Amino acid sequence: MKQDKNFLASRDRRHSRTSVCATRRTLKVVACAVSILLLAATQAAARGNLGRIEWFAEAGGSFFRFGQQPGVFQVSVFDPYGRSFGSYQGSVVNPNRFSGTYSLFTGLRYRLTRHDSVELSYSQSESHFAIEDLEIGGREEHTFGRLPSLTINYVRYVGSISGWKPFVVGGAGAVWQASQISGFGTVDPSFDFGFGADHRITDRLAFRIEVRDYVERLPSPFHGYSQDIEPTAGLVISSRPPESGAAGPSRVEVYGELGASFFTGASASTQAPVIGLRTSVNAVLQNSYSKAGRFAAGFRIYLSSRNALQFSYSQAPNRFEQRISTTEPPKVTVVSSQFTQFVKDLTADYVRYLTGPDAVKPFVVAGGGMALFPGFYYPDIHKFCLHLAAGVDIPLEKQLALRIEMDDFLS
């Protein structure tokens, strides 16, 4: 009995996920940050200073310095529904430096003067480290997540070099850190500084490259401070006030949508553990999703009457089921997972309005971003997704329209 229990715990530890609570907390923080950014844009528009607002979106890598972590730690073990049902003793293996899988970075800058700006930024990254199990042996990969980091920064531009506008940046904020050793949702101070440069593409669009260093106190029971160096690149969008008395569209547009979600799954051959067996066997995984409703929201920033850039978020509570059918004796079929999975898509898109009847404004959308698949037997999975869409806007009033849209997220 003890041997079977150890095998089950080991299997669940290998496939354990980052907490559902941490993901929900992250989404709440993101919603608050977006609300603050939209409020700032609204106030700036009311004062005629919308042209001083810049929105940026960047992506890159994370090079995380964890520092030496001596001693023995209690590592939590979770069941498929995120509930802790035990722990084991382990030690951190070679923790001095390890790389994160990605870094996401977005926010708003408000230009005070030609050379000075203030910035509200959001970033997140996930790094990996190894734990040696001191009870049953072996090493397992674990995730240390910064989900998210919110900072307020001062930005100073320092002239111009061959069409590039270099800047230095520094500030402070808070970071939400999560691991199976320190727990989930731990909040600690974050300090960041860095440098970068903008290269103007059009009057309201620029390309940005930069490097930032985040210094943060590690949550207990870890010791000392971490250092996360994140090189990123992305786009900067500068808006402008609407022309005085013009009947054209508003420069910033916020939207919300409700509809249906038709999610498709996949099947593949794999080596998978089956309940009741202590070894992995050759099997076929069959993933299926139910139909569900879908919620989407975001905002568009118009570059002209026909061209816009869009930041969008959507999610759907699709019912997920996974069946494992072994292809060798003993041949069995097991439903290993059956739960509601909130699949989320976060994208940055280009929008092109087309010529159409006066009563409607047809458009097409193309872009890309990140798809988040919350894990149960496995960690949360982030994948690149391609976003294609088409739709029409039907004006109802001066500041209100009905939008009908069909979206396809490929990941």
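Residues numbered from 1 in each chain as written. Predicted model: local features only at pLDDT ≥ 70, side-chain atom pairs only at ≥ 80, totals over all residues. Heavy atoms only, no water.

1. Details of the overall build of the protein chain
Here's step 1: What the protein chain contains, in helices and strands, is two helices and 19 strands.
Here's step 2: For the protein chain, the proportion of its 411 residues judged to be buried stands at 45%.
Here's step 3: Contacts in the protein chain between residues at least 24 apart in sequence constitute 64% of all its contacts with a sequence separation of at least 6.
Here's step 4: In the form shown here, the protein chain has an accessible surface area of approximately 20300 Å², with 60% of it arising from carbon and sulfur atoms. (Helix = DSSP H or I, 4+ residues; strand = E, 2+ residues; numbered from the N terminus. Buried < 20%, exposed > 50% of the residue type's maximum accessible area, 1.4 Å probe, protein only. Contact = heavy atoms within 4.5 Å. Areas by Shrake-Rupley, 256 points an atom, 1.4 Å probe, with all protein chains shown as cover.)

2. Concerning the side chain of D345
Here's step 1: When you line up the elements, D345 lands in strand β16 (residues 333–353).
Here's step 2: Taking relative accessible area as the criterion, D345 reaches 4% and is therefore assigned buried.
Here's step 3: For D345, the side chain forms a polar contact with the side chain of R294, separated by 2.5 Å.
Here's step 4: With sequence-adjacent residues up to four places away left out, D345 is seen in contact with R294, S312, Y313, S314, M370, A371, C385 and F409. (Polar contact = N/O pair within 3.5 Å; in protein donor to acceptor, adjacent residues only side chain to side chain.)

3. Looking at the nonpolar core
Here's step 1: Ranked by internal contacts, the top residues of the largest apolar core, which has 13 residues, are F66, V92, F129, I131, F144, I181 and F222.
Here's step 2: Of all the secondary-structure elements, those providing two or more residues to this core are β2 (73–78), β3 (84–93) and β5 (116–133).
Here's step 3: I181 has contacts with F73, Q74, V75, F129, I131, P221 and F222, leaving out every residue within four places of it along the chain.
Here's step 4: Counting residues in each nonpolar core, the second largest holds ten residues, with I53, L108, F299 and I301 among its members. (Core = buried A, V, L, I, M, F, W, Y, C linked by side-chain atoms within 4.5 Å.)

4. Here we look at the confidence of the model for the protein chain
Here's step 1: Residues at a pLDDT of 70 or more form 73% of the protein chain, whose mean pLDDT is 76.
Here's step 2: Note on residues 241–250: pLDDT under 50 across the span, and nine contacts to partners over four residues away in sequence or across chains. (pLDDT = per-residue confidence, 0-100.)

5. Regarding the environment of R217
Here's step 1: Turning to its location among the elements, R217 is positioned in strand β9 (residues 205–217).
Here's step 2: The class of R217 is partly exposed, set by a relative accessible area of 41%.
Here's step 3: Taking the C-alpha atoms as reference points, R217 and P189, 28 residues apart in sequence, are found 6.8 Å from one another.
Here's step 4: If we ignore the near neighbours within four places in the chain, the residues touching R217 are Q177, D188, P189, G224 and Y225.
Here's step 5: A distance of 3.0 Å separates the side chain of R217 from the side chain of D188, its partner in a polar contact.

6. Observations regarding the packing of aromatic side chains
Here's step 1: Throughout the structure, instances matching the rule amount to 16 aromatic pairs.
Here's step 2: Aromatic pair F144 and F222: ring centres 6.1 Å apart, planes at 70 degrees, arrangement edge-to-face. Here F144, found in strand β6 (residues 139–157), pairs with F222, found in the loop between β9 and β10 (225–238); they are 78 residues apart in sequence, far enough to count as distant. Residues F144 and F222 agree in their burial class; the two are buried.
Here's step 3: Ring pairs connect the aromatic residues F64, F66, F73, F129, F144 and F222, which therefore count as one cluster.
Here's step 4: The ring of F56 has R109 sitting right over it, with the charged end atom 5.9 Å from the ring centre. (Phe/Tyr/Trp six-rings, centres within 6.5 Å; stacked < 30°, edge-to-face > 60°. Lys NZ or Arg CZ within 6 Å of the ring centre and 35° of its normal.)

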